[in-house]
Amino acid sequence: MEIQLPDLALKQIFSFLDLFGLLQASQVNKHWNRIAESDFLWRSLSLQRWDCSNFTNQHLGTHTWKQFFLHQRRKELRLALAQLHNFIYKVTKNIAYDMELAYLSGNSLTMDEQEKSIICGVSPKQALCTWDVQEVGDAAGNIYTFTLPGLRDVSKVTASQYGIIFLHCSPDKKWIFACGTYRRTLPQVFLTESLLRPSEGSAPLSTSLPHKLCVSACWTPKVKNRLTLMSQSNPEKKTEFVTFDLTTKRTGGQTVIQVHKIASFQLAAHLESPVWMGANDGYTIVFTNGPYLLLFSITGFLLQRFEDHQAAINNFWVDPRYVLTTSKNSVHVYVWEEGGRHPYLRSYYRLENIWHDPTTDDCISSVMCDNASIVLMVTVSEYSMLVMYSLNT
């Protein structure tokens, strides 16, 4: 006699399944199919992968959460599975050498098939234009906070008397990390709310991180209050990675920031000091080492090593979906894959230097991507140019 579990029990069991497990369960019988198709389970899967807590049934329209999940996965895989003939190739020359680039759109969680990739650029002497609140550090060590439209000045905070070299906003926009140009000062973390709504006569809420000689830092997309710092000591040439969790606590009627060191390790002496680093799930760190791309746990275990470049990697991009590396005017694309205890990287393809002019000395000075495009800043002796690959839909 066949025993049929109650709906609630099946739903609880299915909540532990991944995408492929849930799809397989839906093929067993009509009862399992009805439970496996439920919005509750597919919304849970979506929340595990994307920051879509504000995505409502109104945004879905007539679509289900299963359709939403599969649509977003297809958008992600378009770039991963693309080949050179799938791209439209454009070049824009005479770009300012020191221009900073950012996407205005392209990775939105929508059901729109015709979403466009839009980038913006800004040099140190130009105005900042963006769709969201941004914090911009300057050479005098100040943090300026603006709102849009109109770029109205909200606050000005002196974060460092030596100038700011790194300024990173956490994925949930709750925290701002600031590191000064003088490496022996302690880096700071600000609570964004105190910058957006400053109290007259009181300093914004901030704290110092107990770690000097910082040369790079990154927030973790999937653990939004987790920050990893990379430090290098010049005489000994030692490289150390330290990971912190940040929380707030009400004490005596006041809010204080608490810093918790959760992991650290020193890089082996025979490995070169990295220039680029990034993170994904909160438990892994990816960085370059000469021509190699390395994936480590935050406690120092080597998880993966890629040798897809013959020359040293000279630029790097990490986001929750992709890792891009550049070397000698070519780009290599890696994709984060789920499986096992931690996400892992899979090497997909290389874009060769079809823009390269053999009569000039050029190099890729920056690289970035979204779900449908790859953008490079290529610096030539006399000028810089944007090289844009967009998927041909």
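Residues numbered from 1 in each chain as written. Predicted model: local features only at pLDDT ≥ 70, side-chain atom pairs only at ≥ 80, totals over all residues. Heavy atoms only, no water.

The next point concerns the pattern of salt bridges. Taken as a whole and judged by the stated rule, the model has four salt bridges. Residues Asp245 and Arg226 are paired through a salt bridge, measuring 2.7 Å at the closest nitrogen-oxygen approach. Pair noted here: Asp245 is in strand E13 (residues 238-251) and Arg226 is in strand E12 (residues 226-233), with a separation of 19 residues, a long-range link. Given a relative accessible area of 8%, Arg226 falls into the buried group. Between Arg305 and Glu307 there is a salt bridge, and its shortest N-O distance comes to 2.9 Å. Overall, Arg305 belongs to the partly exposed group, its relative accessible area being 40%. Given a relative accessible area of 53%, Glu307 falls into the exposed group. (Salt bridge = Lys/Arg side-chain N within 4 Å of Asp/Glu carboxyl O. Helix = DSSP H or I, 4+ residues; strand = E, 2+ residues; numbered from the N terminus. Buried < 20%, exposed > 50% of the residue type's maximum accessible area, 1.4 Å probe, protein only.)

Aromatic ring pairs: the centre-centre distance and the angle between the two ring planes describe each pair. This structure, assessed with the given rule, holds eight aromatic pairs. Seen from their ring centres, Phe241 and Phe265 are 5.1 Å apart, and the 25 degrees between their planes marks the pair as stacked. Taken together, the residues span a long stretch of sequence, with Phe241 in strand E13 and Phe265 in strand E14 (residues 254-266) at a distance of 24 residues. By relative accessible area, which is 1% here, Phe241 ends up buried. By relative accessible area, which is 9% here, Phe265 ends up buried. For the ring pair Phe241 and Phe287, a centre distance of 4.9 Å and an interplane angle of 20 degrees mean the geometry is stacked. One end of the pair, Phe241, is in strand E13; the other, Phe287, is in strand E16 (residues 284-289), and 46 residues separate them in sequence. For the pair Phe241 and Phe287, one class covers both residues: buried. These aromatic residues form a ring-pair network of at least three members: Phe241, Phe265, Phe287 and Phe296. (Phe/Tyr/Trp six-rings, centres within 6.5 Å; stacked < 30°, edge-to-face > 60°.)

All we've got here are geometric facts, nothing functional implied.
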